[in-house]
Amino acid sequence: MSLLAKIEYIHRELDIPAEQILAISFTKKTVLELIERCVVKNVNICTFHGLGNSIVKMSASPELGARELIDDAVIADFIRRKIAEFCQDEKFWRMLNDYILFYYSAPASPGEFVDFAARISFNRLYLRRALKGVEPKEFIRSKEEQLIANWLRIHQLEYRHQIQYPFTEARYRPSFTVGDVYIDLLQINRDGSSPQGKEYLRELKWRRKIHQKYQTKYVELYSYQ
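None of the values given here were measured: they were computed from a predicted structure.

### Focus on the overall build of the protein
Part 1 of the reasoning: Each helix and strand in the protein was counted, giving nine helices and six strands.
Part 2 of the reasoning: Each of the 225 residues in the protein was classed as buried or not, and the buried ones make up 29%.
Part 3 of the reasoning: The contacts of the protein with a sequence gap of at least 6 include a subset with a gap of at least 24, amounting to 44%.
Part 4 of the reasoning: When the accessible area of the protein is evaluated, it comes to approximately 16100 Å², of which 55% is carbon and sulfur surface.

What follows is the structure, encoded as structure tokens:
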């Protein structure tokens, strides 16, 4: 390890006493390994938490440093109890829902990529599934679609993702189908253009016409670029 080599160098070459050398690592496992392999004895090797604990012991409140770190199970139980307590407040419950919606969102939108191959690669590697999940070999196409899917799921609205519109043989799959309501998430710029180009806008006009023709319930949601 480079850290061990540095310890040996500053001790032997720079003549720094071992007691004045402090080596810090992130995990207890690594610290134990460093202690075992370090050829310079009496070096202070600890985790960040261990260092903080020792500083607290030397402070005006040494009794704090004598306490053990809180166990993960204790922390999890505390969080569960507090959430159950706070969720009695409707405002907090809505805020928690919003947090879950955004937590299950991708870090970027496929619309930010310049070619189809990059978009597919992004979907497969980074885009998390919605809370409900999607059919095998299908992907939620953007972080905005994930927000919609999760919102529908949390509000107990059963949806189907990207299924064929039943009233025409032409290929058309709305983003979401909820009962007899069809929802399209559209990539539209604020000036009315689209990053998908003019053909995309012409298809959008066609979609509106077939919904008018068959008198189906149609909702447009816009993802502004």
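### Some words on the pairing of strand β2 (residues 44–47)
Part 1 of the reasoning: In this sheet, β2 lies alongside strand β1 (residues 22–25) in parallel orientation, the contact comprising four bridges. When the sheet's bridge partners are listed, Ala23 is paired in β2 with Ile45.
Part 2 of the reasoning: Handedness of the crossover is the feature at issue here: the chain leaves β1, passes through helix α2 (residues 28–37), returns alongside β2, and the resulting connection is right-handed.

### Some points on the environment of Phe86
Part 1 of the reasoning: Along the chain, the position of Phe86 falls in helix α5 (residues 72–86).
Part 2 of the reasoning: For the pair Phe86 and Leu96, spaced 10 residues apart in the sequence, the C-alpha separation amounts to 9.9 Å.

### What about the pattern of salt bridges?
Part 1 of the reasoning: If you walk through the whole model with that rule in mind, you get nine salt bridges.
Part 2 of the reasoning: Its salt-bridge partner being Arg153, residue Glu158 comes within 3.5 Å of it at the nearest N-O pair.
Part 3 of the reasoning: Judged by its relative accessible area of 52%, Glu158 is exposed.
Part 4 of the reasoning: Classification of Arg153 by relative accessible area gives partly exposed; the value is 38%.
Part 5 of the reasoning: With its nearest N and O atoms 3.0 Å apart, the salt bridge here joins Glu203 to Arg207. Pair noted here: Glu203 and Arg207 are both in helix α9 (residues 198–214), with a separation of four residues, about one helical turn.
Part 6 of the reasoning: Using a relative accessible area of 31% as the deciding quantity, one classes Glu203 as partly exposed.

### So, unusual backbone geometry
Part 1 of the reasoning: Residues other than glycine seldom take positive phi values, yet Gln156 does so here, at roughly 60°.
Part 2 of the reasoning: Looking at the element boundaries, Gln156 is found in the loop between α8 (143–154) and β3 (160–161).
Part 3 of the reasoning: One non-glycine residue, Gln162, adopts positive backbone phi at about 60°.
Part 4 of the reasoning: Counting through the fold element by element, Gln162 comes out in the loop between β3 and β4 (176–178).
Part 5 of the reasoning: You can call Gln162 buried: its relative accessible area is 15%.

### Focus: the packing of aromatic side chains
Part 1 of the reasoning: Tallied over the full model, the rule gives eight aromatic pairs.
Part 2 of the reasoning: Their ring planes at 65° and their centres at 5.4 Å tell us that Tyr165 and Phe167 sit as a pair that is edge-to-face.
Part 3 of the reasoning: We classify Phe167 as partly exposed; its relative accessible area is 38%.
Part 4 of the reasoning: Relative to Trp206, the ring of Tyr172 has its centre 5.8 Å away and its plane inclined at 80°; by these criteria the two rings are edge-to-face. With Tyr172 in the loop between β3 and β4 and Trp206 in helix α9, the pair connects residues that are 34 residues apart, well separated along the chain.
Part 5 of the reasoning: One aromatic cluster is present, formed by Tyr165, Phe167, Tyr172, Tyr182, Trp206 and Tyr214 through successive ring pairs.

### Regarding the nonpolar core
Part 1 of the reasoning: Judged by nonpolar contacts, Leu4, Ile7, Ala18, Ile21, Ala23, Val31, Leu34, Cys38, Val40, Val43 and Ile45 together constitute the single largest core of 11 residues.
Part 2 of the reasoning: Sorting the residues of this core by element identifies α1 (2–12) and α2 as the ones contributing at least two each.
Part 3 of the reasoning: Tyr172, Tyr182, Tyr200 and Ile210 belong to the second largest nonpolar core, which has nine residues in total.

### So, the side chain of Thr177
Part 1 of the reasoning: Inspection of the secondary structure assignment puts Thr177 in strand β4.
Part 2 of the reasoning: Excluding its chain neighbours within four sequence positions, the residues that come into contact with Thr177 are Glu158, Tyr159, Arg160, Ile163 and Tyr182.

### A closer look at a nonpolar patch on the surface
Part 1 of the reasoning: On the surface, Ile75, Phe78, Ile79 and Ile83 cluster together into a nonpolar patch covering about 320 Å² of accessible area.
Part 2 of the reasoning: As for its placement among the helices and strands, Ile75 is situated in helix α5.
Part 3 of the reasoning: Residue classification places Ile75 among the partly exposed residues on the basis of a relative accessible area of 35%.

Definitions and cut-offs
- Residues numbered from 1 in each chain as written.
- Predicted model: local features only at pLDDT ≥ 70, side-chain atom pairs only at ≥ 80, totals over all residues.
- Heavy atoms only, no water.
- Helix = DSSP H or I, 4+ residues; strand = E, 2+ residues; numbered from the N terminus.
- Buried < 20%, exposed > 50% of the residue type's maximum accessible area, 1.4 Å probe, protein only.
- Contact = heavy atoms within 4.5 Å.
- Areas by Shrake-Rupley, 256 points an atom, 1.4 Å probe, with all protein chains shown as cover.
- Pairing = 2+ DSSP bridges.
- Right-handed = clockwise from strand over helix to strand, strands pointing away.
- Salt bridge = Lys/Arg side-chain N within 4 Å of Asp/Glu carboxyl O.
- Phe/Tyr/Trp six-rings, centres within 6.5 Å; stacked < 30°, edge-to-face > 60°.
- Core = buried A, V, L, I, M, F, W, Y, C linked by side-chain atoms within 4.5 Å.
- Patch = residues over 30% accessible without salt bridge, like charges linked within 9 Å, V, L, I, M, F, W, Y side chains within 5 Å.

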